[in-house]
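A structural walkthrough
Residue-level listing of the chains:
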Amino acid sequence: MKLLNYTNTYLGVALLFIITIWAGLFYYAMMDEVYDSIDDGLKNTKTLVIQKAARAPRLLQKNDFEERGYRIREITREEALDMKDRFIDTTMYMPYEEESEPVRMLVSAFEQEGRYCELRVVTSMVESDDLLEKLLVYLSWLYGGLLVSILLINNVLMRKIWKPFYMVIGRLKAFRLDMDDEVDLPDTGVE
């Protein structure tokens, strides 16, 4: 195996290792951003629903999700005081898809005119298995493209950089002690 190919083999394996670690970190960072954005949207919707319920108390009767992404049901004061905002990953049947799809739900409690209510707000989520599958496909293409590009660039550069070295090796092969020839070394600026 030529020295250049030997070097490129190690470079390819190192790149695979580095890109795999980077992909895992990127996936978790991206999912954290997705969840953060979804959670902010749910909190905003919660605030809007509570404000709307203050103006239109009939909303306190909305105990199923229907076409809107929230439901309200009356609870006891003790339940409301014990309840803290929490986010839940779950699934809901989506008529358009005709199957259950992943959703993110905010469960919260609020007080309205002496009545205590539980509020559940939902929004669709990115399907993490689809996201992971797409990420793997794109990373495979990225890895392939990077590997080919780096190896081609490395090959061209290394051939140019190592050309004087191989010239010296060629001259040393032709050198004979019984001849009075000197080995003419090219000036490369490399020590």
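The structure displayed is predicted, hence computed values, not measured ones.

Scoring rules and cut-offs
Residues numbered from 1 in each chain as written. Predicted model: local features only at pLDDT ≥ 70, side-chain atom pairs only at ≥ 80, totals over all residues. Heavy atoms only, no water. Helix = DSSP H or I, 4+ residues; strand = E, 2+ residues; numbered from the N terminus. Rg over C-alpha atoms; globule rule 2.2 N^0.38 Å. Core = buried A, V, L, I, M, F, W, Y, C linked by side-chain atoms within 4.5 Å. Buried < 20%, exposed > 50% of the residue type's maximum accessible area, 1.4 Å probe, protein only. Pairing = 2+ DSSP bridges. Axes fitted to C-alpha atoms, helices over the stretch in contact; angles between N-to-C directions. Contact = heavy atoms within 4.5 Å. Polar contact = N/O pair within 3.5 Å; in protein donor to acceptor, adjacent residues only side chain to side chain. Salt bridge = Lys/Arg side-chain N within 4 Å of Asp/Glu carboxyl O. Patch = residues over 30% accessible without salt bridge, like charges linked within 9 Å, V, L, I, M, F, W, Y side chains within 5 Å. Areas by Shrake-Rupley, 256 points an atom, 1.4 Å probe, with all protein chains shown as cover.

Describing the overall build of the chain
Helix and strand counts for the chain stand at three helices and four strands. Mapped in sequence order, the helices and strands of the chain form the string α-β-α-β-β-β-α. A compact globule built from 191 residues should have a C-alpha radius of gyration of about 16 Å, whereas the chain, at 33 Å, is more than 25% larger. Dimensions along the principal axes, computed over C-alpha positions, put the chain at roughly 110 × 35 × 25 Å.

Re the nonpolar core
Core analysis: the largest hydrophobic core is formed by 14 residues, its most contacted members being Leu-60, Tyr-70, Ile-72, Phe-110, Leu-119 and Val-121. For this core, the elements supplying multiple residues, two or more each, are α1 (3-55), β1 (70-75), β3 (99-112) and β4 (115-124). In terms of residue count, α1 provides more of this core than any other element does, four residues in total. By size, the runner-up hydrophobic cluster in this structure holds seven residues, among which are Ala-80, Met-83, Val-107 and Val-122.

Some remarks on the sheet that holds β1
Reading across the sheet, the four strands line up as β1-β4-β3-β2 and stay open at both edges, with antiparallel pairing between neighbours. Two strands close off the open sheet at either side, each with one partner strand: β1 and β2 (86-94). Strand-to-strand, the axes of this sheet are offset by a mean angle of 35°, without reference to chain direction. With nine bridges joining them, β2 and β3 adopt antiparallel strand pairing. Looking at β3, one finds that Thr-90 is bridged to Val-103. Here α1 sits on the sheet in contact with β1, β2, β3 and β4, set at roughly 45° to β3.

Here's the deal with the side chain of Ser-108
Relative to the elements of secondary structure, Ser-108 occurs in strand β3. The class for Ser-108 is buried, based on a relative accessible area of 1%. At 3.3 Å, the side chain of Ser-108 and the side chain of Lys-46 are in polar contact. A distance of 2.5 Å separates a polar atom in the side chain of Ser-108 from a polar atom in the side chain of Asp-85. Among all residues touching Ser-108, those that are not within four sequence positions of it are Lys-46, Met-83, Asp-85, Cys-117, Glu-118 and Leu-119.

Quick look at the pattern of salt bridges
Per the stated rule, a full pass over the model turns up six salt bridges. Two residues, Asp-85 and Lys-46, come together in a salt bridge whose shortest N-O distance is 2.8 Å. Separated by 39 residues along the polypeptide, Asp-85 in the loop between α2 (77-82) and β2 and Lys-46 in helix α1 bring together distant segments of the chain. Of the charged contacts in the structure, one is a salt bridge between Glu-118 and Arg-120, with a shortest N-O distance of 3.1 Å.

Observations concerning a nonpolar patch on the surface
A cluster of nonpolar side chains, namely Met-1, Leu-3, Tyr-6, Tyr-10, Ile-153, Leu-157, Ile-161, Trp-162, Phe-165 and Tyr-166, defines an oily patch on the protein surface of about 1,100 Å² accessible area. Among the elements of the structure, α1 and α3 (128-174) are those that each provide at least two residues to the nonpolar patch. Among the elements that take part in the nonpolar patch, α3 stands out by supplying six residues, more than any other. In this structure, Tyr-10 sits in helix α1.

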